[in-house]
Amino acid sequence: MKLTIATTFLALVATTAFAADVVQEAPTAPVAAAPVFTWSGPYFGIDGGAAWLNGDFSAGGASASEDFNGGVFGGFAGYNFQFDNFVVGIEGNLEYNWNEEDALGAEIGTDWAGAVRGRVGYAFDRALIYGAAGWAATRGYVDAPGLDKETETFNGYTVGAGVDFAITNNIFARGEYRFNDYGEKDILGVDVDLDQHELKFGIGVKF
């Protein structure tokens, strides 16, 4: 009887110890890693600000220069590829300028403008600092009394730099400076040379 009781007691102790070991050695559930933010993917947005356009005019040996300054508003869309901290991409935009002025006895200005640019940047997590350059175009016009309104499309280049900052994983804010050289065109016998500075701010959505 004593041997049976002792054997039963030892078996109970061994079973309890084994169960404790099983509980202590149970693997902990893996902790899910927080997703890493990336600038890769498509995006679009709207922006606006101020634009300072200079027009140089020459005809028949005479020349003049006028400033056509005003507001600008438009939209942009593009696609980014991120490699470690480096970001490259392509972006297009379309905007409208309000910069009409009375000059040379006519109403002169530009209205629609657009560009396609390549972008290269460096990401500091949610802040992306970038430079951009590419093709730019704008429609210039001259509306003289007694004549039909004359329009011409100017083609040139654009260069600039800016900062995109991700407010959330999908929404970002933008600040950007651009210089646009639209080249020269002949309008009603007048050689017109246009260049422009822009300072714009916007909001975008990325996917």
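Just so we're clear, the structure is a prediction, and the values are computed from it rather than from any experiment.

### Regarding the overall build of the chain
Okay, so step 1: Counting its secondary structure elements, the chain contains one helix and nine strands.
Okay, so step 2: N-terminal to C-terminal, the α/β element order of the chain is α-β-β-β-β-β-β-β-β-β.
Okay, so step 3: Within the chain, the proportion of its 207 residues that are buried is 35%.
Okay, so step 4: Once local pairs closer than 6 in sequence are excluded, the contacts in the chain between residues at least 24 apart make up 60%.
Okay, so step 5: Accessible surface, the chain: about 11700 Å² in total, of which carbon and sulfur atoms supply 66%.

### Let's talk about the nonpolar core
Okay, so step 1: F68, I108, F154, Y182, V192 and L194 are the most contacted members of the largest nonpolar core, which totals 16 residues.
Okay, so step 2: When residues of this core are traced back to their parent elements, those giving at least two are strand 1 (41-59), strand 5 (106-124), strand 6 (127-143), strand 8 (171-187) and strand 9 (190-206).
Okay, so step 3: Ranked by residues supplied to this core, first place goes to strand 5 with four residues.
Okay, so step 4: Each residue touching V192, except ones within four places of it in the same chain, is listed here: D56, F57, F154, G183, E184, K185 and I187.
Okay, so step 5: Among the nonpolar cores identified, the runner-up in size contains nine residues, and F37, W39, Y43 and F76 belong to it.

### Topic: the pattern of salt bridges
Pairing of side chains with opposite charge becomes possible as their charged atoms draw close.
Okay, so step 1: Taken as a whole, this structure holds 10 salt bridges when the rule is applied.
Okay, so step 2: The partner of R174 in a salt bridge is E91, with the nearest N and O atoms 2.9 Å apart. In this pair, R174 is assigned in strand 8 and E91 in strand 3 (residues 86-98), connecting sequence segments 83 residues apart. Residue R174 shares its accessibility class with E91, and that shared class is buried.
Okay, so step 3: Put simply, R119 and D164 hold a salt bridge, and the shortest N to O gap is 3.3 Å. Of this pair, R119 sits in strand 5 while D164 sits in strand 7 (residues 150-166); the two residues are 45 residues apart in sequence, bridging distant segments of the chain. The burial state of R119 is the same as that of D164; both residues are buried.

### Side note on the packing of aromatic side chains
We describe a pair of aromatic rings using the distance from one ring centre to the other and the angle between the two ring planes.
Okay, so step 1: Scanning all chains against the criterion turns up 13 aromatic pairs.
Okay, so step 2: Measuring from centroid to centroid gives 4.9 Å for Y79 and F81, while their planes differ by 45°, and the two rings are tilted.
Okay, so step 3: Assessed through its relative accessible area of 36%, Y79 is described here as partly exposed.
Okay, so step 4: Judged by relative accessible area, F81 falls into the partly exposed class, the value being 43%.
Okay, so step 5: Measuring from centroid to centroid gives 5.0 Å for Y96 and W98, while their planes differ by 65°, and the two rings are edge-to-face.
Okay, so step 6: A relative accessible area of 52% places W98 in the exposed class.
Okay, so step 7: Through pairs of rings, three or more aromatic residues link up here, namely F37, W39, Y43, F76 and F172.
Okay, so step 8: In this structure, K149 is placed above the aromatic ring of Y141, and the distance from its NZ or CZ to the ring centre is 4.2 Å.

### Describing the pairing of strand 6
Okay, so step 1: As defined by bridge partners, strand 5 adjoins strand 6 across 16 bridges and the pair is classed as antiparallel. Bridging from a neighbouring strand, A115 pairs with A136 of strand 6.
Okay, so step 2: The antiparallel hairpin formed by strand 5 and strand 6 contains two residues in its connecting segment, where D125 sits at a positive phi of about 60°.
Okay, so step 3: With 16 bridges connecting them, strand 6 and strand 7 associate as antiparallel partners.

### A word on the side chain of R178
Okay, so step 1: Here R178 shows up in strand 8.
Okay, so step 2: Only 3.4 Å separates the side chain of R178 from the side chain of T158, close enough to count as a polar contact.
Okay, so step 3: Those residues in contact with R178 that lie beyond four places of it in its chain are N93, A115, R117, T158, V159, G160, Q196, H197, E198 and K200.

### Quick word on unusual backbone geometry
Okay, so step 1: Phi at D84 takes a positive value of approximately 55°, unusual for a residue other than glycine.
Okay, so step 2: Counting through the fold element by element, D84 comes out in the loop between strand 2 (62-83) and strand 3.

Conventions and cut-offs
Residues numbered from 1 in each chain as written. Predicted model: local features only at pLDDT ≥ 70, side-chain atom pairs only at ≥ 80, totals over all residues. Heavy atoms only, no water. Helix = DSSP H or I, 4+ residues; strand = E, 2+ residues; numbered from the N terminus. Buried < 20%, exposed > 50% of the residue type's maximum accessible area, 1.4 Å probe, protein only. Contact = heavy atoms within 4.5 Å. Areas by Shrake-Rupley, 256 points an atom, 1.4 Å probe, with all protein chains shown as cover. Core = buried A, V, L, I, M, F, W, Y, C linked by side-chain atoms within 4.5 Å. Salt bridge = Lys/Arg side-chain N within 4 Å of Asp/Glu carboxyl O. Phe/Tyr/Trp six-rings, centres within 6.5 Å; stacked < 30°, edge-to-face > 60°. Lys NZ or Arg CZ within 6 Å of the ring centre and 35° of its normal. Pairing = 2+ DSSP bridges. Polar contact = N/O pair within 3.5 Å; in protein donor to acceptor, adjacent residues only side chain to side chain.

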